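# Examination of the molecular architecture
If you want the building blocks of each chain, they are given just below.
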Amino acid sequence: MDTFIQTLKTNGFSGDIDTSMETRDKFSHDASLFELVPQVVVAPKNDQDVQLLVRTVAAHKSTVPDLSLTARSAGTCMSGGAISESVVVDFKKYFTAVEKVDAVSAQVQPGVYYRDFEGETLKHNALMPSYPASRDLCTVGGMVSNNAGGEKSLQYGKTERFVSQLQVVLADGKSYTVKPLNKQELDAKMAQQDFEGELYRKVFQLVDSNYDKIRAAKPNVSKDSTGYHLWNIWDRDKGVFDLTQAIVGAQGTLGLVTDIHFRLVPAPKHSGTLVIFLEHTNNLGEVINSVLAQNPATFEGFDNYTLMLSFKLFYYFHQNLGWGGMIKLGLQLIPDALKLMRGIPKMVLLAEFNGETPEEVKEKVHKTHEAMKQFGHDALFEEDETEAKAKKFWIMRRESFNLLRKKVHDKHTAPFIDDLVVQPQYLPKFLPELRAIVNKYKLLATVAGHMGDGNFHVIPLMKIEEEEERKKLRPAMAEVNQLVLHYKGSLSGEHNDGMIRGPWLEQMYGQDMLLHFRELKHIFDPQNIFNPHKKTDATWEYSMSHIRQHF
């Protein structure tokens, strides 16, 4: 590593190079179960620094086989995608420019916090709508890396739909513009006698010669962040070839993204929420499908564990709302606390509707409220809420994982079955079977998520440092995965494969598709420079040997 660092300095690396134990420890974990201590953390200042990093790793790879680069911004990845035992590349320090924003598009660097980016887009009454629940914590680079989705994915889809162009440093250490190409442009690329030309030729051959099989492998769910989305690269009917669709969601395993162009959508003018309290979840699937029939813009939910944890850790909210906001929130909760005296609901659902006028929103909310009457007040009770009044419940939903990350007695978050997706029509049968598995392994687990997508975040609280607890991980995950796949679902809707779901890709896709995924990885990264031990390169043994021991 000393030789690598000296080579960087000699060749003019202008960014920061930090080998202090304090920094290495800080970057050794993200929001996942895992801990990998890097040998060095580097913070490039510009695209030239990133190119130099890749060239230097490539030059030293034969003598230092474990040398690699792992991109990182805010470190909110829940699958272990932003940690490494080699070189961590910190984009959050210097790649922080919002370069251009107008009403329909934006250009931004990967280290920009989404919250800051949204502040700029809202000045133009525009939005990049695929933000996750960690919207106040994550960066746009991490969103691209994981193919993020969130509460607005029901209406708009995931990040892959909003990336129009990327600047990416590839394995030859050069920076390339990647964007959709028509067939004539693709042919010109493939005619090039260089690394880029070879890459386009090989990827085109992969996706075209296996076209039908690849498209048939696409998960039949509304959102997915598993594998590499080969089925989105080449569209024969439209004649469009788009390598951004391989890079979005690749978790930095194909190259290092240094600049992003986004498409934007108009921000909603008015919105309102119907809050639905379920006294039991026996008919949750039917309730969800009934709400979906009303075409909500957003449909979220969280369970009674999350609700009670929100009350228990209420003090935490002052960090986000300030003391005045927290007091106001407390006063708003009083009527609901009185209402809850009749019993803690098993689930709180939030159906949001958008409109051009307040009257239009009110009509949509009221219509959905009327539709809920079929379930009877013995089963649930509901309340129409304006956008302001419903804010308290949105805070609970969006902050649920942050609340869980706080130590609860002697247990900690263990996100390993945390991002499953099944189609809503299967939920009446699926959800009781899922809860039975959770109970079987005696896991204290909260359930929250995107009800309209059938995307659930099941996050157990465990004493993960104890061997007996860690022994539960594999069998519990195997049973949940088998259940999800039985109902034709996806193992990850948003959080990606990383170290936790990468080992299960063959179970989800079969050996042939896994080999296609690995072929794409090798085409882009023949020396395995970029983020090893993630996605197709992950093994259960390696991942489990790096479970975090200290919290």
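Predicted model only: the values in this text are computed from it and were never measured. (Residues numbered from 1 in each chain as written. Predicted model: local features only at pLDDT ≥ 70, side-chain atom pairs only at ≥ 80, totals over all residues. Heavy atoms only, no water.)

## Quick word on the packing of aromatic side chains
Both the distance between ring centres and the angle between the ring planes are used here to describe each pair of aromatic rings. One pass over the structure, following the stated rule, counts 15 aromatic pairs. Between Phe-91 and Phe-95, the ring centres sit 5.1 Å apart and the planes meet at 75 degrees, which makes this aromatic pair edge-to-face. Through a chain of ring-to-ring contacts, the aromatic side chains of Tyr-114, Phe-117, Tyr-131 and Phe-262 assemble into a single cluster. Sitting over the face of the ring of Tyr-131, Arg-135 holds its NZ or CZ atom 4.2 Å from the ring centroid. (Phe/Tyr/Trp six-rings, centres within 6.5 Å; stacked < 30°, edge-to-face > 60°. Lys NZ or Arg CZ within 6 Å of the ring centre and 35° of its normal.)

## Some remarks on the pattern of salt bridges
For the structure on display, the rule yields 21 salt bridges. Linking Asp-453 and Lys-223 is a salt bridge whose minimum nitrogen-to-oxygen distance equals 3.4 Å. Taken together, the residues span a long stretch of sequence, with Asp-453 in the loop between strand 21 (444-450) and strand 22 (455-462) and Lys-223 in the loop between helix 9 (211-216) and strand 11 (234-235) at a distance of 230 residues. In this structure, Asp-453 and Lys-223 share a single accessibility class: buried. We note a salt bridge from Asp-303 to Arg-435, for which the minimum N-O separation is 3.9 Å. With Asp-303 in strand 16 (residues 298-303) and Arg-435 in helix 17 (residues 427-440), the pair connects residues that are 132 residues apart, well separated along the chain. One network of salt bridges, with partners in common, ties together Lys-223, Asp-453 and Glu-494. (Salt bridge = Lys/Arg side-chain N within 4 Å of Asp/Glu carboxyl O. Helix = DSSP H or I, 4+ residues; strand = E, 2+ residues; numbered from the N terminus. Buried < 20%, exposed > 50% of the residue type's maximum accessible area, 1.4 Å probe, protein only.)

## Points about the side chain of Asp-242
The topology assignment puts Asp-242 in the loop between strand 12 (240-241) and helix 10 (244-247). Arg-263 provides the closest opposite charge to the buried, unpaired Asp-242, separated from it by 6.3 Å. Sequence-distant contacts of Asp-242, that is, excluding residues within four places in its chain, are made with Lys-179, Pro-180, Asn-232 and Ile-233. (Lys, Arg positive; Asp, Glu negative; His and termini not counted. Contact = heavy atoms within 4.5 Å.)

## Let's talk about the sheet that holds strand 9 (residues 175-178)
As a general point, the strands of a sheet are linked pairwise by backbone hydrogen bonds and lie either parallel or antiparallel. With antiparallel pairing, the five strands of this open sheet are ordered in space as 5-6-13-8-9. Each having just a single partner strand, strand 5 (98-101) and strand 9 make up the two edges of the open sheet. Strand-to-strand twist in this sheet, taken as the mean axis angle between neighbours without regard to direction, amounts to 15 degrees. Here strand 8 (residues 163-169) pairs with strand 13 (residues 256-263) via six bridges, running antiparallel. Its bridge partner being in strand 13, Gln-165 is matched across the sheet by His-261. Sheet strands touched by helix 3 (residues 47-60): strand 8, strand 9 and strand 13. Its angle to strand 8, the strand with the most contacts, is close to 55 degrees. Sitting on the sheet, helix 4 (residues 114-122) is in contact with strand 5, strand 6 (105-108) and strand 13, with an inclination near 30 degrees to strand 5. (Pairing = 2+ DSSP bridges. Axes fitted to C-alpha atoms, helices over the stretch in contact; angles between N-to-C directions.)

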